[in-house]
Amino acid sequence: MDDTYVVVSIVSYKSAKLTVDCLRSIQADRNIDGLNVRVVVVDNASGDAPEIEAAVSDNHWQDWVTVLTAPKNGGFAYGNNYAFQYAFAYGKVDFFHLLNPDTQIRPGAILALVEFMQANPTAGIAGSSFDNQDGSLWPIAFRFPSIFSEFESGVKLGLLSKLLKPWVVAVFMEQKLQEIDWIAGASMMLRRNVVEQLRGFDESYFLYYEETDFCLRAKHAGFSTWYVPNSRVMHIAGQSTKVTVRDDKPKRLPDYWFESRRRYFLTNYGIFYALLTDIAALFGNVIGKIKRILTGRQHDDVPNYIADIFRHSVLLPSNWHTKPFLSCLHDK
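What you see is a predicted model, and the numbers here were worked out from it, not measured in a lab.

S.K.: What am I meant to see in the overall build of the protein here?
M.R.: The helix and strand tally for the protein stands at 11 helices and 12 strands. Radius of gyration (C-alpha) of the protein: 20 Å, near the 20 Å computed for a compact globule of 332 residues. The buried share among the 332 residues of the protein stands at 52%. For the protein, contacts bridging at least 24 residues in sequence account for 81% of all contacts bridging at least 6. Carbon and sulfur atoms make up 56% of the accessible area of the protein, which amounts to about 15200 Å² in all.

Okay, structure coming up:
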């Protein structure tokens, strides 16, 4: 049987040591018969490339690891598209496997995703189950955000939250194959023709919501997204951006998070829906903040969240514009 060609894309920004550890974890799956795994590391103009290249040379990985330096830090979508473009131009590829630099794959993780995709030709995207550093399971996948989820995430109020549970974005997954709306880009396998048909990620997202948008566009194109729990990956969340560090004190979210959120709702659902979503988010968070003040839990608040939501919302006409879809794969 012919080999299956997998190109692993790792986008690094000031994460050289983590990237090298991730590369080391991939070696076991490279030794599986019938699986041809190559890696493209994209340094998003952080200056990491020389350190990663030195580690590749010292470990004699040159035959399967390519290190590229992107001309700018364009974010997650841009960096992965840069890797896709290189892979299309310089070699054979059946599947792309996106990995964060702060991940380490368990043996067989890539093979499990490949076998699932081969057995399910209508599946366009498949994601792994994550472990925390201490070995505990982090079995989370996601529903698409909505007016209801935006309201619930702010209010967090007893019975109301229970009633809105079917719309909560984060889903605790059972350890079985399940179709889901979207999965984390920290370990995401993409069928080649999905990347080609969708022209990769929308590079107008700098960080956050880009994989949500990709999975939604894939769904509209007829491709399903799946959670594959026997593909196990250890993930140290938030090591590059420090935004999604687990079990840490809430931090103020950067402007690009709110810009990505606004873009997601505007481009996929239109201005009227985006307006209702912003109203729901503001209303829910005001109620939630009052509840936390009354219960003495203000420390759970994300700093300046309500003000930042309003500042970036489509309630302000200056925020009605959106950038066009941007990708280096337009010709694919």
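S.K.: Sorry, what's going on with helix H5 (residues 147–155) here?
M.R.: The α-helix winds at 3.6 residues per turn, so residues separated by three or four positions along the chain end up facing the same way. If you check which residues of H5 are buried, you get Ser149, Glu150, Phe151, Glu152, Gly154 and Val155. Where the residues of H5 are buried, they touch helix H6 (158–163), helix H9 (255–269) and helix H10 (271–294). A positive backbone phi angle near 45° is found at Lys156, which sits one or two residues after H5.

S.K.: Is there a simple way to explain unusual backbone geometry in this structure?
M.R.: A negative phi angle characterises most non-glycine residues, just as the trans form characterises most peptide bonds. Phi is positive for Lys14, close to 55°, though the residue is something other than glycine. Structurally, Lys14 can be placed in the loop between strand S1 (4–12) and helix H1 (16–30). The exposure class assigned to Lys14 is exposed, which follows from its relative accessible area of 60%. One non-glycine residue, His60, lies in positive phi territory at about 60°. Along the polypeptide, His60 turns up in the loop between helix H2 (49–58) and strand S3 (65–69).

S.K.: Quick question: what am I supposed to make of H9 here?
M.R.: Between its first and last C-alpha, H9 extends 21 Å over 15 residues, near the 21 Å set by a 1.5 Å rise per residue. Among all positions of H9, only Trp257, Phe258, Ser260, Arg261, Arg262, Arg263, Tyr264, Phe265 and Leu266 are buried. Residues of H9 that are buried in the fold lie against H5, helix H8 (210–220), H10 and helix H11 (305–311). Where H9 ends, the next residue or the one after it, Gly270, has phi of about 95°, a positive value.

S.K.: Please explain a nonpolar patch on the surface as it appears in this structure.
M.R.: Among the surface-exposed residues, Ile271, Phe272, Leu276, Ile279, Phe310, Leu315 and Trp320 lie close enough to one another that they form a single nonpolar patch of about 670 Å² accessible area. Take Ile271: it is sitting in helix H10. Exposure remark for Ile271: the relative accessible area of 41% places this residue in the partly exposed category.

S.K.: Whenever I open this one, the layout of surface pockets confuses me. Can you help?
M.R.: If a probe as big as a water molecule is rolled over the atoms, it shows which places are left empty. Roughly 360 Å³ of volume is contained in the second largest pocket. Together, 17 residues line the second largest pocket, and Ser204, Tyr205, Glu259, Arg263 and Lys323 are the ones closest to its centre.

S.K.: Looking at this structure, I do not really get the nonpolar core. What am I missing?
M.R.: Soluble globular proteins tend to bury their nonpolar side chains together. Counting residues in each nonpolar core, the largest one holds 90 residues, and the members touching the most others are Leu23, Ile26, Phe96, Ile110 and Leu190. Broken down by element, the residue count for this core peaks at 7 residues, all from helix H3 (residues 75–90). Excluding its chain neighbours within four sequence positions, the residues that come into contact with Leu23 are Ile10, Val39, Val41, Ile52, Val56, Trp61, Trp64 and Val65.

S.K.: Would you mind showing me how to read the pattern of salt bridges here?
M.R.: Charged atoms that come close allow side chains of opposite charge to pair. Counted by the stated rule, this structure contains 17 salt bridges. With a closest N to O distance of 2.8 Å, Glu150 and Arg261 form a salt bridge. With a gap of 111 residues between them, Glu150 in helix H5 and Arg261 in helix H9 connect regions that are remote in the sequence. Relative accessible area serves as the criterion here: at 8%, Glu150 is assigned to the buried category. In this structure, a network of salt bridges that share partners links the residues Arg252, Asp255, Asp308 and Arg311.

S.K.: Would you take a moment to explain the pairing of strand S2 (residues 35–43) for this structure?
M.R.: Consecutive side chains along a regular strand alternate between the two faces of the sheet. For S2, the tally of buried residues reaches 7 of 9 residues, placing the bulk of the element in the interior. In this structure, S1 lies alongside S2, joined through 9 bridges in parallel fashion. In the strand pairing of S2, Val8 is matched with Val39. Considered for its hand, the β-α-β crossover made up of S1, H1 and S2 is right-handed. Two strands pair when backbone bridges link them, and S2 and S3 are joined in this way by 5 bridges, in the parallel orientation. Looking at the pairing, Val41 lines up with Val67 of S3. Traced from S2 through H2 to S3, the parallel crossover comes out right-handed.

What counts as what
- Residues numbered from 1 in each chain as written.
- Predicted model: local features only at pLDDT ≥ 70, side-chain atom pairs only at ≥ 80, totals over all residues.
- Heavy atoms only, no water.
- Helix = DSSP H or I, 4+ residues; strand = E, 2+ residues; numbered from the N terminus.
- Rg over C-alpha atoms; globule rule 2.2 N^0.38 Å.
- Buried < 20%, exposed > 50% of the residue type's maximum accessible area, 1.4 Å probe, protein only.
- Contact = heavy atoms within 4.5 Å.
- Areas by Shrake-Rupley, 256 points an atom, 1.4 Å probe, with all protein chains shown as cover.
- Expected span 1.5 Å × (residues − 1).
- Patch = residues over 30% accessible without salt bridge, like charges linked within 9 Å, V, L, I, M, F, W, Y side chains within 5 Å.
- Salt bridge = Lys/Arg side-chain N within 4 Å of Asp/Glu carboxyl O.
- 1 Å grid on protein atoms, 1.4 Å probe; cavity = no way out; pocket = protein on both sides within 12 Å on 5 of 7 lines; lining within 4 Å.
- Points joined across faces, edges and corners; volume = space filled by probe spheres on them.
- Core = buried A, V, L, I, M, F, W, Y, C linked by side-chain atoms within 4.5 Å.
- Pairing = 2+ DSSP bridges.
- Right-handed = clockwise from strand over helix to strand, strands pointing away.

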